[in-house]
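Read off the chains here:
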Amino acid sequence: MAATNKNQKPHAIMISFHLQGHIIPFVNLALKLASKGFSVTFAHLDFIHHQISKSHYNTTEIDIFAQARSSGLDINYTTISDGFPVEFDRAANFNQHLESFMYKFPDKVDEFVGNLISSSDSNYFLLADTFSIWSAKIAKKYGLVNVSFWTEPALVFSLYYHLDLLRENGHVPVNGRTEIVDYVPGIPSINTKDFMSYFQDSDLQLLHKIIFRAFDVVKSADFILCNTVHELEIAIISALQQKQPFYSIGPLFPADFSKTAIARSLLPESNSDEWLNSKSPGSVLYVSFGSLAKIDKKVIFEIAGGLLLGEVNFIWVIRPGIVDFDSGGIFPEGFEDVTRDRGLIIPWCAQNQVLLNPAIGGFLTHCGWNSVLESVWCGVPMICYPLFTDQITNRKLVVDDWRVGLNLCDGEFITRDEVKEKIGILMSGKRSDELRKEIGKVRKILENALTKDGSSERNFDCFVKDVSDEIFKRCKEM
Ligand SMILES: *[C@@H]1O[C@H](CO)[C@@H](O)[C@H](O)[C@H]1NC(C)=O
Ligand SMILES: *[C@@H]1O[C@H](CO)[C@@H](O)[C@H](O)[C@H]1NC(C)=O
Ligand SMILES: *[C@@H]1O[C@H](CO)[C@@H](O)[C@H](O)[C@H]1NC(C)=O
């Protein structure tokens, strides 16, 4: 059992999960916890540390949280190896990387946590991403109170959580069927086509196994935190709370939404302020498909074609490696001429800053959960082109439930005509006004949640109290 000391504040051990969409809210969570008076030891995988620090500071000899600490927060930053050299190409050796994550990384974490705990008598507890399947083993070995952090909506959490039920009813794997499911606690009705991509196919990969395993593990967590807002998912959250302590504490944003002193991004960020400031309010479509998925070249081609046919300004993030490269350009003829005038192509950006710019009038998005929350926060309606994982399910919330976005690709294939048409509808006219009105309402819900008496703020304080009580209770029991 870890030593506990009544006179000290709780101390979170946070080892981040290596995907961009997970890193962003996890860092924000660390800062928020520290701002509530907790101590935090935060570790990135060392290859992630290299990527972030090189991208932002052009050196790896840097403490990413130095600024947080100098502002008075009790956060120590360190790194942990995933067992491969920093320069190992993890994307190209995806399965080898996953296997190691599943079978070897837990020992690294064990060693890391063991060393930390023996170095001081802090009131340690474990705060891990829900995908960190090693957490139960480590928590058990060291007798640590444990918290699981879910970076996606409660709807998605609940679907994974009820995987066995969905399997019993024959709805997972989906295998192309479209059927209504109405028996998952808290979810009145959802079409199987809106299930996450990992439920769609019957061919189970190692990745599926890790995710499904994560949802066995989470059922033993002492506390679950979710980057969502109570008022947006009331029934689902209430149903989950019947099972386990579940706190909606989102949206987790940096204290200053657009300026982030603590680097979170894996790629260098282009600054497009000057270009954006030269455009009139609401005239620019922002296009980004996130940090992870590759996109079919044909899709890029049709989107570019749609932008070419249309008349709106656009700023488009084309990440290095977003398309599996063959020879030849990825844009149709004439596209580059257009981009000189009303379009800007960039490799990556500080998305919060872009979305906040008054010139932005719409967002063509893959519906990653961070992107959805940020777009709502900035009052920017969306065109949804989900690619995989929870993005498919997030689309349902954005388009069907909140009515703050439009679908793209109603047919089987995306066409430039449809792209042009949807952009037109999104950016101006009656439907556009309706979307803006609705997004104003959802935005208000997010804003209210983060006020002093708002649900997320109160839930966070409850969590802080409950986790402290649990730590000190175990302290007494010892
Ligand atoms: C951070 O490290 C310093 C120096 O090693 C130590 O004194 C301090 O207690 C640590 N704080 C946390 C939150 O681990
Ligand atoms: C990054 O650092 C290297 C080595 O110190 C230096 O040669 C290079 O010019 C730097 N690049 C930028 C963009 O500052
Ligand atoms: C959390 O701790 C409990 C003991 O309190 C343990 O049984 C469980 O496996 C741990 N779960 C996770 C997810 O760490």
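Each remark here, short or long, concerns the structure printed above.
Described in the following lines is the structure provided in the data block. This is a predicted model, so every value here is computed, not measured.

**A word on the overall build of the chain**
Okay, so step 1: When its secondary structure is counted, the chain shows 20 helices and 15 strands.
Okay, so step 2: In terms of overall size, the chain behaves like a compact globule, its C-alpha atoms giving a radius of gyration of 22 Å where 478 residues would be expected to give roughly 23 Å.
Okay, so step 3: Judged by the C-alpha coordinates and their principal axes, the chain covers about 70 × 55 × 45 Å.
Okay, so step 4: Sequence-distant contacts, at least 24 apart, represent 72% of the contacts inside the chain between residues at least 6 apart.

**Focus on the site of ligand 1**
Okay, so step 1: If you check the shell around ligand 1, you find His11, Ser39, Val40, Thr41, Asp74 and Asn76 and nothing else.
Okay, so step 2: Within the side chain of Asn76, a nitrogen or oxygen atom sits 2.3 Å from an oxygen atom of ligand 1.
Okay, so step 3: Protein burial of ligand 1: of its 360 Å² of free accessible surface, 40% is covered by the chains.
Okay, so step 4: Ranked by residues supplied to the shell around ligand 1, first place goes to strand S2 (residues 39–45) with three residues.

**Thoughts on the side chain of Thr41**
Okay, so step 1: On the secondary structure map, Thr41 appears in strand S2.
Okay, so step 2: Judged by its relative accessible area of 6%, Thr41 falls in the buried class.
Okay, so step 3: Not counting residues up to four positions away in its chain, the partners in contact with Thr41 are His11, Ala12, Ile13, Met14, Asn76, Thr78, Phe112 and Leu116.

**Some thoughts on the site of ligand 3**
Okay, so step 1: Around ligand 3 lies a shell formed by Ser135, Ala136, Ala139, Asn146, Val217, Ser220, Ala221, Asp222 and Arg474.
Okay, so step 2: Residue Ser220 places a side-chain N or O atom 2.8 Å away from a nitrogen atom belonging to ligand 3.
Okay, so step 3: One nitrogen or oxygen atom from the side chain of Arg474 is found 2.9 Å from an oxygen atom belonging to ligand 3.
Okay, so step 4: Notes on ligand 3: free accessible area 360 Å², of which the protein chains cover 75%.
Okay, so step 5: The dominant element in the shell around ligand 3, judged by the number of residues it contributes, is helix H6 (residues 135–142), at three residues.
Okay, so step 6: Along the lines of polarity and charge, the residues of the shell around ligand 3 split into four nonpolar, three polar and two charged.

**Focus on H6**
Okay, so step 1: All of the buried residues in H6 are Ser135, Ile138, Ala139 and Tyr142. Looking straight down H6, one finds its buried side chains confined to an arc of 100°; they lie on one side. Exposed side of H6, more than 90 degrees from the buried face: Lys140 and Lys141 are the residues found there.
Okay, so step 2: Looking at the buried side of H6, the elements it contacts are helix H5 (105–119), strand S4 (123–129), strand S5 (146–150) and helix H10 (206–217).

**Some remarks on the packing of helix H7 (residues 154–161) against helix H17 (residues 391–401)**
Okay, so step 1: Close contact between H7 and H17 brings their axes to 9 Å; oriented N to C, the two are set at 135°. In terms of their interaxial angle, H7 and H17 are classed as oblique. The two elements H7 and H17 cross, and the hand of that crossing is right-handed. Residues Leu155, Val156 and Leu159 of H7 touch H17, and the partners they reach there are Thr393, Asn394 and Leu397.
Okay, so step 2: Looking at the contact of H7 with H17 residue by residue, the class counts come to four nonpolar, two polar and no charged.

**Comments concerning the pairing of strand S1 (residues 10–15)**
Okay, so step 1: Buried residues dominate S1, accounting for six of its six residues.
Okay, so step 2: Alternating residues of S1 divide into Pro10, Ala12 and Met14 and His11, Ile13 and Ile15, and every residue in both groups is buried.
Okay, so step 3: Here S1 pairs with S4 via four bridges, running parallel. Bridged to Ile13 within S4 is Leu126.

**Describing the environment of Leu98**
Okay, so step 1: If you trace the backbone, Leu98 turns up in helix H4 (residues 94–103).
Okay, so step 2: Look at Leu98 and you get buried, because its relative accessible area is 8%.
Okay, so step 3: Considered as a pair, Leu98 and Leu207 are 109 residues apart in the sequence and their alpha carbons are 7.2 Å apart.
Okay, so step 4: Sequence-distant contacts of Leu98, defined by excluding residues within four places in its chain, comprise Leu206, Leu207 and Ile210.

**Focus: the packing of aromatic side chains**
In this description, a pair of aromatic rings is defined by centroid distance and the angle of the planes.
Okay, so step 1: All told, the structure shown has 35 aromatic pairs when counted by the stated rule.
Okay, so step 2: Taking the centre distance of 4.3 Å and the plane angle of 5° together, the rings of Phe84 and Phe88 count as stacked.
Okay, so step 3: Judged by relative accessible area, which is 14%, Phe84 ranks as buried.
Okay, so step 4: Phe88 sits in the partly exposed class, given a relative accessible area of 22%.
Okay, so step 5: Seen in terms of ring centroids, Phe101 and Phe105 are 5.9 Å apart; in terms of plane orientation they differ by 20°. Their pairing is stacked.
Okay, so step 6: Since its relative accessible area comes to 8%, Phe101 is described here as buried.
Okay, so step 7: Here the basic side chain of Arg90 rests over the ring of Phe47, its NZ or CZ set 3.7 Å away from the ring centre.
Okay, so step 8: Between the NZ or CZ atom of Lys219 and the centre of the ring of Tyr161, over which it lies, the distance is 4.8 Å.

**Quick word on the state of the cysteines**
Okay, so step 1: Scanning all chains against the criterion turns up zero disulfides.
Okay, so step 2: Looking at the unpaired Cys367, the closest cysteine sulfur is the one in Cys384, lying at 3.3 Å.
Okay, so step 3: You can call Cys367 buried: its relative accessible area is 0%.
Okay, so step 4: Looking at the unpaired Cys378, the closest cysteine sulfur is the one in Cys349, lying at 12 Å.
Okay, so step 5: Cys378 gets classed as buried once you look at its relative accessible area, which sits at 13%.

Procedures and definitions
- Residue positions are given per chain, counted from 1 along the sequence in the order it is written.
- Following the order in which they are written, the chains are lettered starting with A and the ligands numbered starting with 1.
- Local features in this predicted model are restricted to residues of pLDDT 70 or higher, and side-chain atom pairs are both shown and tallied only at a pLDDT of 80 or more, whereas totals for entire chains, interfaces and linings draw on every residue.
- Heavy atoms from the whole structure form the basis of all side-chain values; hydrogens and water molecules are not counted.
- For the purposes of this entry, the term helix denotes a DSSP run of H or I that reaches at least four residues, the term strand denotes a run of E that reaches at least two, and both are numbered from the N terminus.
- With C-alpha atoms as the basis for the radius of gyration, the globule rule is written as 2.2 Å multiplied by the number of residues raised to the power 0.38.
- Only heavy atoms matter for contacts: two residues are in contact if any of them lie within 4.5 Å across the pair.
- Each residue is tested against the molecule or strand, and it is near if at least one of its non-hydrogen atoms lies within 4 Å.
- Distance and chemistry together define a polar contact, namely a pair of N or O atoms within 3.5 Å, with one atom able to donate a hydrogen and the other to accept it when in protein, and with adjacent residues in sequence counting only for side-chain atoms on both sides.
- Residue exposure ignores everything except the shown protein chains as possible cover, and the areas themselves are Shrake-Rupley values with a 1.4 Å probe.
- Residue burial is assigned from relative accessible area. The probe radius is 1.4 Å, only protein chains are included, and a residue is buried under 20% of its type maximum, exposed over 50%, and partly exposed in between.
- Residues are grouped as follows: nonpolar covers Ala, Val, Leu, Ile, Met, Phe, Trp, Tyr, Cys and Pro; charged covers Asp, Glu, Lys and Arg; every other residue, Gly included, is treated as polar.
- Taken from the helix axis, the directions to the C-beta atoms give the arc we talk about.
- Axis definition: a line fit to C-alpha positions, over the contact stretch in the case of helices; interaxial angles, taken between N-to-C directions, run 0 to 180 degrees.
- These descriptions rest on fixed angle ranges, namely under 35 degrees for roughly parallel, over 145 for roughly antiparallel, 65 to 115 for roughly perpendicular, and the rest for oblique.
- Note on convention: the crossing is left-handed when the near helix lies turned anticlockwise from the far helix by less than a right angle, right-handed when the turn is clockwise.
- Between any two strands, at least two bridges found by DSSP are needed for them to pair.
- What counts as a ring pair is set by centres within 6.5 Å for rings of Phe, Tyr and Trp (its six-membered ring), and what kind of pair is set by the plane angle: stacked under 30 degrees, edge-to-face over 60, tilted for all other angles.
- Think of it as a cone above the ring: NZ of Lys or CZ of Arg counts as a charge over the ring if it is within 6 Å of the ring centre and within 35 degrees of the ring normal.
- When two cysteine sulfur atoms lie within 2.5 Å, the pair is treated as a disulfide.

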